[in-house]
Amino acid sequence: MKISLEWLKDYIDLSINVDNLKDVLTFSGIEVEDVLNVGALQDSIITAKILDCQLIKDSNHLFVCQVDTGKEKIQVVCGAPNCTNDIIGILALPGTKLGNQIIKTTHLRGVESSGMLCSEKEIGLSDNHTGIMVLPPDTPVGISIKDIIKLPDTIFELEITPNRPDLLGLLGIAQDLSASTNSKLTSPKVDILKTAKESELQVTDYLSLNNINQEMCPRYTAKVFRNVSVGDSPLWLKIRLIKAGLRPINNIVDITNYVMLETGHPLHAFDYDKLHKTDGTPTIVIRNAQKDESFPALDGKTYLLGEDDLVISDEVKAVAIAGIIGGANSHITSDTTNIVLEAACFNHSSVRRTAFKHKISTDSSYRFERQLAPETTKYASARAEQLIIELAGGIACLGTLDDWKNKSKPVIVPIRPGRFKQTIGINLSKEQIVKYLTKLGLIYLGEGNINKPYPESGETIPKVVQGQEESLYFDIRPLNNTHLHEIEPIDEALYFEIPPKRVDLTREIDLIEEVIRLHGMDKVTQKSKITHIMDRHAFYLMRKTADYLVYNGFREVINLSFTEPHLVNGLGLNNDDDRLKQIVIVNPQNSKLSVMRTNLIVQLIQTALYNLNHGSKQLRLFEMNKVFYENSALPKSEVERLSILWLGTSEESHWQNQARKVDFYAIKGIIEGLLKLLGISDLNYDNHVSEYLEELESQRIVVGHSLLAEYGKLKPSIAALFGIDIIELKHDVWIADIAMDILITVTRNMTNVYHTIPRFPSIERDISFLIQNGISHKAIAECVCKTDLESISHMSLIDEYKGKQIPNGFRSLTYRIFFNHPEKTLTDDEVDSIIDLIVKTLKSLWDIQMR
Amino acid sequence: MQNQLLELINSATQEIAVCNDSHELVNIKAKYLGKKSLLSELYTRLKEIPAEERPAFGQSVNLAKRQLEELIVAKETALRLSSWHKVKDDQLDLTLPGIVPSLGSLHPLTKVLREIEDVFLSMNFEIAEGFDIEDEFHNFDALNTPKDHPSRNKADTFYLKDGNLLRTQTSTVQVRIMETYPPPIKIVSPGRCYRNDKSDASHSPVFHQVEALVVDEGITLADLKDTLQNFAQILFGNKVQTRIRPHFFPFTEPSAEMDISCVMCEGAGCKVCKMSGWLELGGAGMVDPNVFDILKIDSEKYTGFAFGLGIDRIAMMKYNIPDMRILYENDVRVLSQFR
C-alpha cells in the first residue's frame, strides 16, 4: 500500500523526520518495503496553456505547440498523443534539470522547441508516461508547479500484514503512529446532514433495500444523491490519488477511492437511473448470483458467475460483484445526475473465494478479504457524503438505508501487567499500558472488579475515558450492564473495550503483543551472554580430523602420557631435537613410567608391535593427544599432536583384486586429503625429514617457518630396534606426524565462500611428454599452468609410465589439461595454439618431447 | 478409408514389434511416417470423405500418427540400449560380498567423551581446555586444600623437577577460568588426570575426567541436581535415576558424591553394583565461598556448583568393559568393536 507523507500529515501531527518514521513504522510491525522521495521541482517548471497544436509536417506523432507561459508565447515540440488545443499542461523551461536530463532549446525535424511538456513520470509523480499531464482548466497559467502538486513529498510503500485490516487506510496508520510516537491525531471533521435537512427528500422515497444473504453481507447501507454534477476532480484530489497509485476517473469515483484510501473501507457508487424500476422506486437486492449468470464488469470483461458468488443487483440485473468490482451497466458517467452510494460490509471468506475464483483483484477486494468491521461503514459513508456535496454539488436525500441485523456485542479484553512481565520479560506500569492502548483507540474501562452495577446511569454506561483522543469511530458498540456482568473479574486486570475495526484483538495475549510492539521490542534486553571461553575452531577441527581418519580406515589408540626414558633415543634424533628434552617425574611408579612422552610415535610403534604379536597384520593406527617437552620458547610445555602409523595394504583387499601395499603416495595422499578437507593450500614441500624416516621416501610440509607435517617410510633399522622385522613381515612401516597446534593456527580465520562457476564449457585435452629423470612433476605442472593463466583452469596427472618404448633414464607423464576461459567459449584452434605454446616452452626449458 | 487406416496401423505396429535392427527401423519410419508415406497419402485424400465426417476422420489419422511415432521412439531407445546392456550368459552371484571401503574407529574413551561433550554443549555449556602440567596453586591452594592435606603427598601426586606437578583433577580448569573470566560461567572441561595409583582393574595412574562448573547469580544445589539428572538421562537413558550423598571435598561446601542407578540391573542389585543398585559417578558440590574469595569473585553475589566425572569409569559402565587396563592396551581386536 502506498501512502503519501504529505497526505498522512492531514491526520496526525508528526514531528519526526522521514528516516525516523521509516524505523518507527518498521519496528512497530508495519514493514516499509520502499521509500520514494519525490524531489522538489525547480521554479522553471510552470503551468502553461497550449494555444495551438499542429502535427509537424512529415511526422505522424510530433506536434508543434504554441504555448502561453503567462509572460510570453513560446514554441514547443511534443510527442504526446493527448496533446491538443486549449489544455493546461506542465512545461519545463530550458535549463530545467529533470532526472539526469537537462532541458535545452533544440530542433526536432527542423522545428525549434524551447522546453518540454511533461508527463506524470517526468516530474516524478507516478509511473504514468502515456501522455502529458493535463491540469484543470481553471489552473492559473505561468505559476510554479511545485506548490500546486505539493512537492517534495515522500511516498511509503507499506506491507500490511493480513491480521491488520485496520491499517488499510491512512486513518488507521495515523492511529497506530499516534500510539508509537505519542503524537496527536487530527482527524477530519465530518459535518453532515446539512443539505439533507434542507432537501426534505427522504431516501426511502427513492430506494428500497432487500438483503437476502445476511451471512455474506452483514451490513449494507445506501444513500441517494440527486442532481450531482459529474466532472473532473479538483487537482489536489487527483494528485493524492496519483501519489497512492490510483488513476483519477471522475469526481464521484475519485471520492469513493479517496475515502477508501483514507478510511480503509471501500465504497461503491452507481448510477441511480440505470437501476430497474418496476413501480417507481428501484430496489437494491443483495443476493447470490444465479448459476452461469453473466456479468459485464467495469474492467471490460464479462464474468460467468456461480451460485456461491454474491452480487448487488436491482430487480433484474446485477450491478456489482459484492465487494469486488462494479458493473459496466451502472457505472458513473458524465451523464449521471443521480447516484447511489453503497457502504457495506461483506464476508471476507466469501469475497476471497469469489475474487480468487474469477482471478479479479481490486483495491476493494484486497481490503474486504482482510475482514472489515460492519461498524466502519457509517464513517466512510458520511465522509463520502461530505465530499460529494462539497465537490459535486447535488442534494443528499435524508436518511440512510441500513440493513444490519446481527450486531456484535462489545468486545472487552483484560490485560494483567504481571502477565505482561511473565511473557515479555520486562516490567511496564499500569499507566504505561493504559497509555499505549488508549492511544490505539481502545477504551479503558477500569481495573479489577468492573462488573459492579451502575444504577443511576440506566441502560448505557458512561465510559471511563482517560486521556482518550477523540474517537475516530462513529459506531462504538453500545456497552451496558449486561455486558459488564458477563465479565469474570480478575483482581489485577485492566479492562479494555476493543474498537470494532480491530478484529484482531480478542485475547489478553493480543493486547500484550500490542503493548510490546508499541513500546519497542528493542527495549527487551538480553538475559544471558555467551562468554566465548570455548575455542570452537580448535574443538571442531580436531573432531573433523579424527573423523576423517576413521572414515579412511584408521583406528584411534590412546596411550598413557608416561614412557620409558631411553626409548626416544631409538628414533636416532638430532641432539638438539625437542623430543629429546623429556620432562622427568620425580616420584615415578617405576622406570617404565618415569618421563612424559615427547612424541606419539614411539608408543604407536609399540602398539603396532603388540598387535603384530597378537596376529593383526593390517594396521592403520593414529593417536591425537598431547605431548610434553621442555622448551622455554613455548608458553607451556604441552602441545597437541597427531601421529599415524600405517602398515599393510593401502586399501582393503577384497576378492576382486589384490590390494596394493602402502607406499609413499598412499601416506602422502592421506595427509593431502586431510589438508584439502581443511582447506589448506599453497604448501611448501621439502625432504628435510626427521632422522627416523627414510630420506628418499619421505617428505615434510612447511607453512611459513613452522613444520606442519612429515611423513614417509620408517627406517627398517629403527623398526628392527623396536622389534619389528620388516623382512619377515614383508611390509614397510609408514609414519605421519602432524603438528595439530600449527594446523589449528593456519586454519583459524579461513573462510569458505562461493565462487561463480564458469559460464562457458570446459575443454579437456590429454597430452603425454617424454621426460628426462630429474625433472619433477611439480616443475612441469607449474610451467604448464603459467603458459596461459586465463584459459587453463587446472590440470591433473593421469599416468606415469616407464617401460617399453621409453628409453632408459626417461619416463612418460600424461596430463589432462582443462581449458576454460572466463569470458568466452574457447575454439579448438585457440586450445591448439595454447598447446603449441606449452610444447615449445617445455622443449626450450628442458628439452622435453611430446609423445 | 477407415479400414485402410486400421490396416495401416496394424501392419505398422506388427513391423515395429518384430524389428530388431536400427536401419530397418529407419525404413519402417519412412514407409509409414515419411513425406511419401501411406499415412500422408491418407491426408491428401481427406477431401474424398464427406465434409461432416472429415474432422473426425482427420482426428483419428492424427492420433494414429502420434501412436506410431511413440512406438518408433520407444523401439529406437530399446535398440540403442540393447547394444549397451547385453545380458551375460553367466549370472551374477548376488551373495558375494560388496566392496566395502575401509572403516576405522574412535577409541571408546573418545566416543564416551564426545557423547558427554555433546550433552553439555546441548545444555549451553562451553568446553574449556586446561593444562596437564600444573602448579600447586591451581591444583591445591586455590581449591582451598590445606597445606598439610594428604592428597598433596608424593604417594598420591606426581611431581616434576621444577616443583610443578601433574594435575590430580580437572578442577584446576575451574581455577584458571575463574581467574580469567568474570561470571556468568558455564563450562565443562575434559582432560587427563594423574594420580599415583597402581594399575589394576579399576585404577590407572593416567585417567580421564570431565569437570562442570556453573557460576552465576542464583545458582543453587537444585541446579546441580537438575543438570546431573538431565546429563545422566541423556547419556544412559530415561530410566536412569541419580542421587547425591553428603561427602567432603575441600573446594565445595556442601559437598556430595553422585550416584546413578546401576545401568546393568536398573537398580535391582547385581554384581556390578555390588548388590547396592547404585554406581558411583563422581564428586560434586556448591563452590566453597573461600574459593571465590581466593579468586576475587564476589561470594555474596555469586554462587556456583561444580562436579567431576570419571570418563574411564563411565566408558566401562557404558560398554561393559571389566578392566580399565583394556582401555590402554589398544588391541585392534578390541578397538574394532567400537563403531
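Rules of the game
- Residues numbered from 1 in each chain as written.
- Chains lettered and ligands numbered in written order.
- Predicted model: local features only at pLDDT ≥ 70, side-chain atom pairs only at ≥ 80, totals over all residues.
- Heavy atoms only, no water.
- Axes fitted to C-alpha atoms, helices over the stretch in contact; angles between N-to-C directions.
- Helix = DSSP H or I, 4+ residues; strand = E, 2+ residues; numbered from the N terminus.
- Left-handed = near helix turned anticlockwise from the far one by under 90°.
- Contact = heavy atoms within 4.5 Å.
- Nonpolar A, V, L, I, M, F, W, Y, C, P; charged D, E, K, R; others polar.
- Salt bridge = Lys/Arg side-chain N within 4 Å of Asp/Glu carboxyl O.
- Buried < 20%, exposed > 50% of the residue type's maximum accessible area, 1.4 Å probe, protein only.
- Pairing = 2+ DSSP bridges.
- Polar contact = N/O pair within 3.5 Å; in protein donor to acceptor, adjacent residues only side chain to side chain.
- pLDDT = per-residue confidence, 0-100.
- Phe/Tyr/Trp six-rings, centres within 6.5 Å; stacked < 30°, edge-to-face > 60°.
- Lys NZ or Arg CZ within 6 Å of the ring centre and 35° of its normal.
- Patch = residues over 30% accessible without salt bridge, like charges linked within 9 Å, V, L, I, M, F, W, Y side chains within 5 Å.
- Areas by Shrake-Rupley, 256 points an atom, 1.4 Å probe, with all protein chains shown as cover.
- Lys, Arg positive; Asp, Glu negative; His and termini not counted.
- Charge placed at Lys NZ, Arg CZ, Asp CG, Glu CD.
- Core = buried A, V, L, I, M, F, W, Y, C linked by side-chain atoms within 4.5 Å.

(A) Spatial organisation of the packing of helix H15 (residues 536-551) of chain A against helix H5 (residues 108-122) of chain B. The interhelical angle for the contact between H15(A) and H5(B), taken along N-to-C directions, is 145°, at an axis separation of 14 Å. Regarding H15(A) and H5(B), the two cross each other, and that crossing is left-handed. Every residue of H5(B) that contacts H15(A) at A:Phe539, A:Tyr540, A:Arg543, A:Ala546 and A:Asp547 is listed here: B:Arg114, B:Glu117, B:Asp118 and B:Leu121. Looking at the contact of H15(A) with H5(B) residue by residue, the classes come out as four nonpolar, no polar and five charged.

(B) Looking closely at the pattern of salt bridges. Within the structure shown, the criterion is met by 66 salt bridges over all chains. Salt-bridge contacts for B:Lys318 lead to B:Glu115; the nearest nitrogen and oxygen are separated by 3.6 Å. Here B:Lys318 is found in helix H10 (residues 311-319), whereas its partner B:Glu115 is found in helix H5, with 203 residues between them in sequence. Assessed through its relative accessible area of 29%, B:Glu115 is described here as partly exposed. A salt bridge links B:Glu136 to B:Arg152; its shortest N-O distance comes to 2.9 Å. One end of the pair, B:Glu136, is in helix H6 (residues 136-139); the other, B:Arg152, is in the loop between H6 and strand S3 (165-166), with 16 residues separating them in the sequence. Sharing partners across several salt bridges, the network here consists of A:Arg164, A:Asp166, A:Asp176, A:Arg502, A:Asp504, A:Glu514 and A:Arg517.

(C) The arrangement of the sheet that holds strand S26 (residues 443-447) of chain A in detail. Residues and elements named next belong to chain A. Pairing in this open sheet of three strands is antiparallel, and the strands run S25-S27-S26 from one edge to the other. On the outer flanks of this sheet lie strand S25 (411-415) and S26, each paired with one strand and no other. If you compare each strand with its neighbour and ignore which way they point, the axes differ by 30° on average. In the sheet, S25 pairs with strand S27 (residues 494-498) via five bridges, with the strands oriented antiparallel.

(D) Spotlight on the environment of A:Gln422. Following the sequence through the fold, A:Gln422 ends up in helix H11 (residues 417-424). Polar contacts involving the side chain of A:Gln422 include one to the side chain of A:Arg419, which spans 3.0 Å.

(E) The arrangement of the confidence of the model for chain A in detail. All names here are of chain A. Confidence along chain A averages 88 in pLDDT terms, with 95% of residues attaining 70 or more. Taken element by element, chain A is modelled with least confidence in helix H5 (residues 194-199), mean pLDDT 55, and with most confidence in strand S36 (residues 733-739), mean pLDDT 97. When the criterion is pLDDT under 50, residues 454-474 qualifies, and its contacts beyond four places in sequence or with other chains add up to 44 contacts.

(F) Fine view of the packing of aromatic side chains. Using the criterion set out here, one finds 18 aromatic pairs over all chains in the structure. Relative to A:Tyr540, the ring of A:Phe539 has its centre 4.8 Å away and its plane inclined at 90°; by these criteria the two rings are edge-to-face. The buried category is assigned to A:Phe539, whose relative accessible area is 9%. With a relative accessible area of 38%, A:Tyr540 lands in the partly exposed category. Relative to B:Tyr194, the ring of A:Phe562 has its centre 5.6 Å away and its plane inclined at 50°; by these criteria the two rings are tilted. You can see A:Phe562 sitting in strand S29 (residues 562-563) and its partner B:Tyr194 sitting in strand S4 (residues 185-194), one on each of two chains. The exposure class of A:Phe562 is buried, given its relative accessible area of 3%. The ring of A:Phe554 has A:Arg620 lying over it, and the distance from NZ or CZ to the ring centre is 5.8 Å.

(G) Examining the sheet that holds strand S5 (residues 73-78) of chain A more closely. Residue and element names in this part refer to chain A. Overall, antiparallel pairing links the five strands, which are arranged S5-S4-S3-S6-S11 in an open sheet. Lying at the two open borders of the sheet, with one neighbouring strand each, are S5 and strand S11 (116-117). For strand S3 (residues 45-55) and strand S4 (residues 63-68), the ladder comprises six bridges, and the chain directions are antiparallel. Considered in S4, the bridge of Asp52 is made with Gln66.

(H) Main features of a negative patch on the surface. All names here are of chain A. On the surface, a cluster of negative charge is made up of Glu31, Glu33, Asp34 and Glu159. It is strand S2 (residues 31-38) that contributes the most residues to the negative patch, three residues altogether. Residue position: Glu31 is located in strand S2.

(I) Spatial organisation of the pairing of strand S20 (residues 318-321) of chain A. Residue and element names in this part refer to chain A. With three bridges joining them, strand S19 (residues 310-313) and S20 adopt antiparallel strand pairing. Counted as the bridge partner of Ile312 is Ala320 from S20. What sits between S19 and S20 in their antiparallel hairpin is a turn of four residues. Judged from the two bridges that link them, S20 and strand S21 (residues 325-326) form a sheet pairing that is antiparallel. If you follow Ala320 over to S21, its bridge partner there is Gly326. Where S20 folds back on S21, the antiparallel hairpin that results is connected by three residues, among which Gly323 adopts a positive phi of roughly 75°.

(J) Region of the structure containing the nonpolar core. Of all hydrophobic cores here, the largest spans 60 residues; its most connected members are A:Phe562, B:Ile116, B:Phe120, B:Leu166 and B:Phe307. Among residues more than four places away in sequence, those in contact with B:Phe120 are B:Phe125, B:Val188, B:Ala212, B:Thr227, B:Phe231 and B:Phe307. If you look at the next biggest cluster of nonpolar residues, it comprises 49 residues, including A:Trp7, A:Leu341, A:Tyr379 and A:Ala396.

(K) A look at the pairing of strand S5 (residues 206-216) of chain B. Residues and elements named next belong to chain B. When you tally the buried positions in S5, you get 10 out of 11 residues, the bulk of the element. For S4 and S5, the ladder comprises 10 bridges, and the chain directions are antiparallel. Along S5, the bridge assignment pairs Pro190 with Val210. Where S5 lies against strand S9 (residues 303-310), eight bridges are found, and the strand directions are antiparallel. Its bridge partner lying in S9, Val210 is registered against Leu309.

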